[in-house]
Amino acid sequence: MIRKLWILFIVLTVGLSTMMIHIPAGGQTGTTSITVTKYASDGTTILDQVTKTVAELESELPVQGDGITRYYHQGPTFDLGNLWDPGEAVNIDSRDMGRPKGTAIRDLCELVGGASAGDVIGAKASDNFIKLFDYEDVYSPEPEQGELVICWYNADFGGYVPGFSEGMRLVFFAETTNGDGKYVFGNWDMHETLAESRWHYYYDGTYWPSSSGLSVKYIDRINIYSSDEAPQSGSSASLDATANVILPIVGIELDLTSVDYGNLMPGQNSVIKKVVIDNTGTLGCDVTLEIQGDDDTAQSFYEQSLFVDGTQYDIDDVIASITVDNSQSVDTQLRLPLSWDQGGEQKAKFIFWAEAQ
């Protein structure tokens, strides 16, 4: 098959920063196993993958926490004069994470060969909500942050999952205490230990820092987005050859070179943007669409949000079947999930592939 591609550059500005609270799907229950996957630099090739039950995590890997020590995150202060609350005194008790035990994300990563400097590590829930963390925050956390732990037991909230119904849950096991002697990963700790792109906000017209938004519930996946190249199989050799072969042509053209979906908030839909695809070849063709996000966040954004002719994006779907000398239009729209919490411009290339019918 002969393929020809045209690239459509997409720029989207979303009018928010990292902000929304994770609202799980109805009927969500505690997760009882976790799959750890290490991806190559192409973002799709799986270099290694393993799944562990809670029983295996507890018996095979170091256990973090003693089921006695209580940990806290922090909610919004709702006080513009004390936005970050360095004293960790405001809205702490409402973010009481109980007395948990669990497994460090670092130890989970080592099950699939570990992560390296520059890698990004994602903690992903069963409803696909995800929070991303940089390598150093997982492998060399500062005391104010503490170990990132996937908790599968909580002495205060039901024991083991699924009795611990919000587990497995990510909790920062801070090693420092506030003035009341409580182990708190507070908003100021988040400010001082994490990159700005990893901060979480609660939004109600004002962006309120809230470290509790990083405590993802119902985790069943840990993903390492590594810089390792995908392995190449076999060996090769080459020689030069020449031939003049005339083949039927598969080709397409688009009526656009870029499109801007505008400003969106979580839960909103964009206007419909129509793309006309012309068959410029001498064969009928089937057209598919591939998204290449500028980064992992953009990739996840478009994979969750893009709808083509009313159907959610799937890289394997044929979006148009076009006969010779004809064209076909497709409607594209973004439907931003309510749970989306990454702000700023989300950029990607839309690559339309044409394949002979």
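Caption draft 1: Structural detail: a negative patch on the surface. Taken together, the side chains of Glu142, Glu144, Glu175 and Glu192 present a region of like negative charge at the surface. If you trace the backbone, Glu142 turns up in the loop between helix H3 (135-139) and strand S8 (147-154).

Caption draft 2: Main features of the sheet that holds strand S22 (residues 327-334). What the five strands build is an open sheet, ordered S15-S17-S22-S19-S20; its pairing is antiparallel. Both edges of this open sheet fall to strand S15 (252-254) and strand S20 (311-312), since each of them pairs with a single strand only. With two bridges joining them, strand S19 (residues 306-308) and S20 adopt antiparallel strand pairing. Looking at the pairing, Val308 lines up with Thr311 of S20. Seen against the sheet, helix H5 (residues 296-305) touches S19, S20 and S22 and runs at an angle of roughly 40° to S19.

Caption draft 3: Molecular detail of unusual backbone geometry. Going from Val161 to Pro162, the amide bond is cis rather than trans, its omega being 5°. Checked against the element boundaries, Pro162 lands in the loop between strand S9 (159-160) and strand S10 (169-173). Cis rather than trans, the peptide bond between Gly167 and Met168 has omega equal to -5°. Position of Met168 relative to the elements: it lies in the loop between S9 and S10. Even without a glycine there, the phi angle at Asp309 is positive, about 50°. In this structure, Asp309 sits in the loop between S19 and S20. Look at Asp309 and you get partly exposed, because its relative accessible area is 41%. Residues other than glycine seldom take positive phi values, yet Asp325 does so here, at roughly 65°.

Parameters at a glance
Residues numbered from 1 in each chain as written. Predicted model: local features only at pLDDT ≥ 70, side-chain atom pairs only at ≥ 80, totals over all residues. Heavy atoms only, no water. Patch = residues over 30% accessible without salt bridge, like charges linked within 9 Å, V, L, I, M, F, W, Y side chains within 5 Å. Areas by Shrake-Rupley, 256 points an atom, 1.4 Å probe, with all protein chains shown as cover. Salt bridge = Lys/Arg side-chain N within 4 Å of Asp/Glu carboxyl O. Lys, Arg positive; Asp, Glu negative; His and termini not counted. Charge placed at Lys NZ, Arg CZ, Asp CG, Glu CD. Helix = DSSP H or I, 4+ residues; strand = E, 2+ residues; numbered from the N terminus. Pairing = 2+ DSSP bridges. Contact = heavy atoms within 4.5 Å. Axes fitted to C-alpha atoms, helices over the stretch in contact; angles between N-to-C directions. Buried < 20%, exposed > 50% of the residue type's maximum accessible area, 1.4 Å probe, protein only.

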